[in-house]
Amino acid sequence: MIDRILEDIKPKRKVLILTHNNPDPDTIAAATGMKYILSSKLKKRCTIGFYGIVGRAENRELLRLCKIDMHSSSKLNFARYDYLIVVDTQPKAGNVYIPEGFKVDVVIDHHNYRHTTSEIRLHDVRPNAGSTSTIITEYMKRLNIIPDTDTATALYYGIKTDTVGSGRTNTCEDKAMMSYIFPYISHKKLTKIENPEVPRYYFKNLKKAVECSEIIDNLIFCDLGEVRNADLIAETSDFLLRMRDIKWTFVVGKIDNCGFFSLRSKSTRTAVGRMAISLVKGLGTGGGHMKSAGGQLNLADKDYNFVITTIKDRLLKKIGIKNTEIKKI
């Protein structure tokens, strides 16, 4: 696929690479890696755009230490670019900002394939890949590209965060690409990225999460209400899943008229990504993988408490929990 992309992009002047909203390490690294490929092979000028904020401390350290230049897509003039690439998401997924009237030329993603993506001329969607950074690293290997230290470190961290740890799955290809990129990374930078200092509100959020979490059988359901950034929701979901005897966590919160949720599972018997889609049907968008999923809720014309109650009822039914006795942590 990368050969076709390079051939297609040759006559173009300026390239815009879009991450998904409120970007995580995988989408940041995938965009950075793709920019490096196009610069190395074709000397193309590329801009990385994102919508929302980079809230998580680790992600901000990733941008700072690996010198990754990203721009708010809401402030970019899309008309200035004649080629548009989307990484780690797909158009119509509900988590990428593309102004009306602009078409996507390339989609590179590892989430479940959406039928609307078939309308995109060039797309490389691999649900069996653990991360989009894995796909980009494979492109580099195929093209015999040795990335610089910053790009290599970003890609390694991008693969690692999406394939290693609680709620994650990986494949032989993910491990192979981590091994391929490993000799070129900065261990010093990686250590700093993985262990950043965190702001005071991070601990305030953990306190709030512990106080408002509901334990229902083997599920922890946590409504954080207003949050400072969407990353806190995913962080909280991962944190709560560490509790003994808990198999599921669902954490939800809102920023203005938009809700965000994170669903985690310790089991691989249920495709959590598909479950997330069904949970928010008619209420928002969702998606993910075998053990982890998330999405957004449109609250512009809906009552927040009604939406949360509806999703909670659906979730209990999906998991098969009939005993609705609620305990506190």
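This one's a predicted model, so the numbers in the text were calculated from it and none came from an experiment.

**Thoughts on the side chain of Ser237**
Next, step 1: You can see Ser237 is positioned in helix α9 (residues 231-240).
Next, step 2: According to the relative accessible area criterion, Ser237 is buried, its value standing at 0%.
Next, step 3: Ignoring anything within four residues of it in the chain, the contact list for Ser237 reads Thr249, Val251, Ser262, Leu263 and Arg264.

**Some words on the pattern of salt bridges**
Next, step 1: Going through the model one piece at a time under the given rule, you end up with 17 salt bridges.
Next, step 2: For Glu58, the salt bridge is made with Arg56, and the minimal N-O distance between the two is 3.5 Å.
Next, step 3: What makes Glu58 buried here is its relative accessible area of 15%.
Next, step 4: A relative accessible area of 23% places Arg56 in the partly exposed class.
Next, step 5: Among the ionic contacts, a cluster of salt bridges with common partners joins Arg56, Glu58 and Glu235.

**Points about the side chain of Asn205**
Next, step 1: Along the chain, Asn205 turns up in helix α8 (residues 200-212).
Next, step 2: Classification of Asn205 by relative accessible area gives buried; the value is 9%.
Next, step 3: Discounting chain neighbours no more than four positions away, the residues touching Asn205 are Leu224, Leu232 and Thr236.

**Quick look at the packing of aromatic side chains**
Next, step 1: The tally for this structure, following the rule as stated, stands at eight aromatic pairs.
Next, step 2: Seen in terms of ring centroids, Phe250 and Phe261 are 5.5 Å apart; in terms of plane orientation they differ by 10 degrees. Their pairing is stacked. Highlighted residues: Phe250 in strand β9 (residues 248-255) and Phe261 in strand β10 (residues 258-265), separated in sequence by 11 residues.
Next, step 3: Through a chain of ring-to-ring contacts, three or more aromatic side chains come together here, namely Tyr51, Phe78, Tyr97 and Phe102.
Next, step 4: In this arrangement the basic side chain of Lys254 is found over the ring face of Tyr304, its NZ or CZ atom lying 4.7 Å from the centre.

What counts as what
Residues numbered from 1 in each chain as written. Predicted model: local features only at pLDDT ≥ 70, side-chain atom pairs only at ≥ 80, totals over all residues. Heavy atoms only, no water. Helix = DSSP H or I, 4+ residues; strand = E, 2+ residues; numbered from the N terminus. Buried < 20%, exposed > 50% of the residue type's maximum accessible area, 1.4 Å probe, protein only. Contact = heavy atoms within 4.5 Å. Salt bridge = Lys/Arg side-chain N within 4 Å of Asp/Glu carboxyl O. Phe/Tyr/Trp six-rings, centres within 6.5 Å; stacked < 30°, edge-to-face > 60°. Lys NZ or Arg CZ within 6 Å of the ring centre and 35° of its normal.

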